[in-house]
Amino acid sequence: MAAEHLSIPRRERVWRIPFPRTVAGVWVFAVGIILLVMLGVQILSGLVLAMFYVPTEGLAFDSIIHIMRSVRHGELVRNAHSIGASLFFFACYLHIFRAMYYNVYRKPYLKMWMISVTLYVLLMITAFLGYSLIWGQKSYWAATVITGFTRAIPWVGDTLYSFLVGGYAPGTPTLGRFYVLHFIIPFVIVGGTIWHIRTVQSAFAQAMKKTFTQSESRKLFFDYKITDSDAIKLTLFMMLFAWFLFFAPHYLSSADNFIPADPTVTPAVVAPEWYFLPFFSILRCFPNELLGIVAMCASVLIFYFLPWLDTSRARFRNYSKLVKCGFWLWVANAFFLGWLGSKALVGPDLPDGFSNEEGWIRAASQLSTLVYFGWFVIVLPCRRFLEKQD
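To keep things clear, this report deals only with the structure shown in the data block. The model shown is predicted, which means the values in this text are computed figures rather than measured ones. (Residues numbered from 1 in each chain as written. Predicted model: local features only at pLDDT ≥ 70, side-chain atom pairs only at ≥ 80, totals over all residues. Heavy atoms only, no water.)

### Let's talk about the overall build of the protein
Part 1 of the reasoning: Each helix and strand in the protein was counted, giving 16 helices and 0 strands.
Part 2 of the reasoning: Counting every position in the protein, which comprises 390 residues, the buried fraction comes to 46%.
Part 3 of the reasoning: For the protein, the exposed surface amounts to about 20,900 Å²; the carbon and sulfur share of it is 69%. (Helix = DSSP H or I, 4+ residues; strand = E, 2+ residues; numbered from the N terminus. Buried < 20%, exposed > 50% of the residue type's maximum accessible area, 1.4 Å probe, protein only. Areas by Shrake-Rupley, 256 points an atom, 1.4 Å probe, with all protein chains shown as cover.)

Structural data, given as structure tokens:
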């Protein structure tokens, strides 16, 4: 091993840092660099849009139309920002599913996992704020419904609602608050991302039981094999991004959002973007608003407790096939929750035979919510009885 190391040229040896063997060879391991690039795309395109956007009730929607029609390459930048948000979340969910599948939340990855979940929460907040800034018919009512749920919080609900909305209903003060927060939080995400990358390097070092030199610890280099592999997968992902950008720029958007916000007309289905639909489905599946808010927040914050809910210490080679199948059923259930979130709870479009009563959507959402939480509070704590512990 030492002879092999000495045979490597000195310049190449500086760039070679060992990494766990489990990182190589699986396509989902390139998602980290994809997220990094997409974060850069979102920040750069957002800075350009911020130069022309007007955060007032009367001009917000018109300013976006002005950007798309009158600003040079404005439509390209605006579509890149919109599509980039959807693909950003798509890559983010791949990253989360991969981490959950391989249990990358145990020691020595605990700190890295906590930072990752925090970044995900900040990303959700930023995306919701940005979606509301469009001030189209769908985004306006989505913001109205979500902010209205805060009133159900005991003691501080009305105060929190007044702080978010700035009045009796969403309007210019709301846009001003959302615009400032949407501009500031991404830079917090950048700082958290740098911290996350540093913890990844530290976690790899602990996993390999290797001590880095002082010069190596100052740099964020990984093995060149990872770099080559990531370049290929990043190129394929950017090809997908380019296809949406040039051939289907509005495929991931709602047609209602091309209509100016009208407080007097309620859309047939009030729902956020697709990447929020599972949590929105959990939010509205309970008749009690406070219970829905608690369930929705718990569905996100429960990721912080994964290292303690999962009692198994088995390595990947000893994972139970039953648990693996259960994980993919949980993923399928998450997609089903998202589909349920895109449907109306009442109305003649539901195949229940009753136009004025609730159909099966709420009941199915409640059952799917139980399956969602059952994975965390039932399956994960019981894993140690199904797998050979290392």
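### Concerning the packing of helix H12 (residues 277-284) against helix H15 (residues 321-341)
Part 1 of the reasoning: Relative orientation of the contacting elements H12 and H15 amounts to 70°, with a least axis distance of 7 Å. In terms of their interaxial angle, H12 and H15 are classed as roughly perpendicular. Seen from above, H12 lies across H15 with left-handed handedness. For the pair H12 and H15, contact is made by Leu277, Pro278, Phe280, Ser281, Ile282 and Arg284 and by Ala334, Leu337, Gly338, Leu340 and Gly341, respectively.
Part 2 of the reasoning: Grouping the amino acids of the contact of H12 with H15 by side-chain chemistry returns 7 nonpolar, 3 polar and 1 charged. (Axes fitted to C-alpha atoms, helices over the stretch in contact; angles between N-to-C directions. Parallel < 35°, antiparallel > 145°, perpendicular 65-115°, else oblique. Left-handed = near helix turned anticlockwise from the far one by under 90°. Contact = heavy atoms within 4.5 Å. Nonpolar A, V, L, I, M, F, W, Y, C, P; charged D, E, K, R; others polar.)

### Structural notes on the packing of aromatic side chains
Part 1 of the reasoning: Summed over the entire model, instances satisfying the criterion amount to 30 aromatic pairs.
Part 2 of the reasoning: With a centroid separation of 6.0 Å and 45° between ring planes, the pair formed by Phe89 and Tyr93 is classed as tilted. You can see Phe89 and its partner Tyr93 sitting in helix H5 (residues 74-101), 4 residues apart, about one turn around the helix. Both residues of the pair, Phe89 and Tyr93, belong to the buried class.
Part 3 of the reasoning: Geometry around Tyr161 places Arg151 over its ring, the cationic atom sitting 3.9 Å from the centre. (Phe/Tyr/Trp six-rings, centres within 6.5 Å; stacked < 30°, edge-to-face > 60°. Lys NZ or Arg CZ within 6 Å of the ring centre and 35° of its normal.)

### Some thoughts on unusual backbone geometry
Part 1 of the reasoning: One non-glycine residue, His73, lies in positive phi territory at about 60°.
Part 2 of the reasoning: As for its position among the elements, His73 is in the loop between helix H4 (60-69) and H5.
Part 3 of the reasoning: For His73, a relative accessible area of 53% translates into the label exposed.
Part 4 of the reasoning: At Trp135, a residue that is not glycine, the phi angle is positive and equals roughly 60°.
Part 5 of the reasoning: Along the chain, Trp135 turns up in the loop between helix H6 (110-133) and helix H7 (137-149).

### Things to note about the pattern of salt bridges
Part 1 of the reasoning: Throughout the structure, instances matching the rule amount to 2 salt bridges.
Part 2 of the reasoning: Arg106 is the partner of Asp310 in a salt bridge, and the nearest nitrogen-oxygen pair spans 3.5 Å. Of the two residues, Asp310 is situated in the loop between helix H14 (306-309) and H15 and Arg106 in the loop between H5 and H6; the sequence distance between them amounts to 204 residues. Exposure class is identical for Asp310 and Arg106. Each is buried.
Part 3 of the reasoning: Asp310 is paired through a salt bridge with Arg383; the nearest N and O atoms lie 3.1 Å apart. Here Asp310 is found in the loop between H14 and H15, whereas its partner Arg383 is found in the segment after helix H16 (361-379), with 73 residues between them in sequence.
Part 4 of the reasoning: In this structure Asp310 comes out as buried when scored by relative accessible area, which is 1%.
Part 5 of the reasoning: For Arg383, a relative accessible area of 3% gives the class buried.
Part 6 of the reasoning: When salt bridges that share partners are traced, they join Arg106, Asp310 and Arg383 into one network. (Salt bridge = Lys/Arg side-chain N within 4 Å of Asp/Glu carboxyl O.)

### Notes on the nonpolar core
Part 1 of the reasoning: Grouped together as the largest cluster of nonpolar side chains are 79 residues, with contacts concentrated most on Phe89, Met100, Tyr120, Phe303, Trp330, Tyr372 and Phe376.
Part 2 of the reasoning: The residues that make up this core include at least three from each of domain 1 (25-263) and domain 2 (271-389).
Part 3 of the reasoning: If we skip the residues at most four places from it in the chain, Met100 touches Tyr105, Trp113, Phe303, Leu306, Phe327, Trp330, Trp375 and Phe376. (Core = buried A, V, L, I, M, F, W, Y, C linked by side-chain atoms within 4.5 Å. Domains from an automatic or database assignment.)

### Here's the deal with the packing of H5 against H6
Part 1 of the reasoning: Two elements in contact, H5 and H6, have axes whose closest approach is 12 Å; the angle formed by their N-to-C orientations is 155°. On the basis of the axis angle, H5 is roughly antiparallel to H6. Relative to H6, the crossing made by H5 is left-handed. The segment H5 lies against H6, with Phe88, Phe89, Cys92, Tyr93, Ile96, Ala99 and Met100 engaging Trp113, Tyr120, Leu123, Met124 and Ala127.
Part 2 of the reasoning: In terms of residue class, the contact of H5 with H6 is built from 12 nonpolar, no polar and no charged.

### Re the side chain of Arg284
Part 1 of the reasoning: Along the chain, Arg284 falls in helix H12.
Part 2 of the reasoning: Beyond its immediate sequence surroundings of up to four residues, Arg284 is in contact with Leu340, Gly341, Ser342, Lys343, Ala344, Leu345, Ile361 and Arg362.

### Some details on H16
Helical geometry: 3.6 residues make up each α-helical turn, so side chains three or four residues apart lie on a common side.
Part 1 of the reasoning: Compared with an ideal rise of 1.5 Å per residue, which puts 19 residues at 27 Å, H16 spans 26 Å between its outermost C-alpha atoms and is within 8% of the ideal.
Part 2 of the reasoning: At Phe373, H16 shows its largest bend, some 40°.
Part 3 of the reasoning: Among the residues making up H16, those that are buried are Ile361, Arg362, Ala364, Ser365, Ser368, Thr369, Tyr372, Phe373, Gly374, Trp375 and Phe376.
Part 4 of the reasoning: Considering only its buried residues, H16 is in contact with H5, H12, helix H13 (289-301), H14 and H15. (Expected span 1.5 Å × (residues − 1). Bend = angle between axes of the 7 residues up to and from the residue.)

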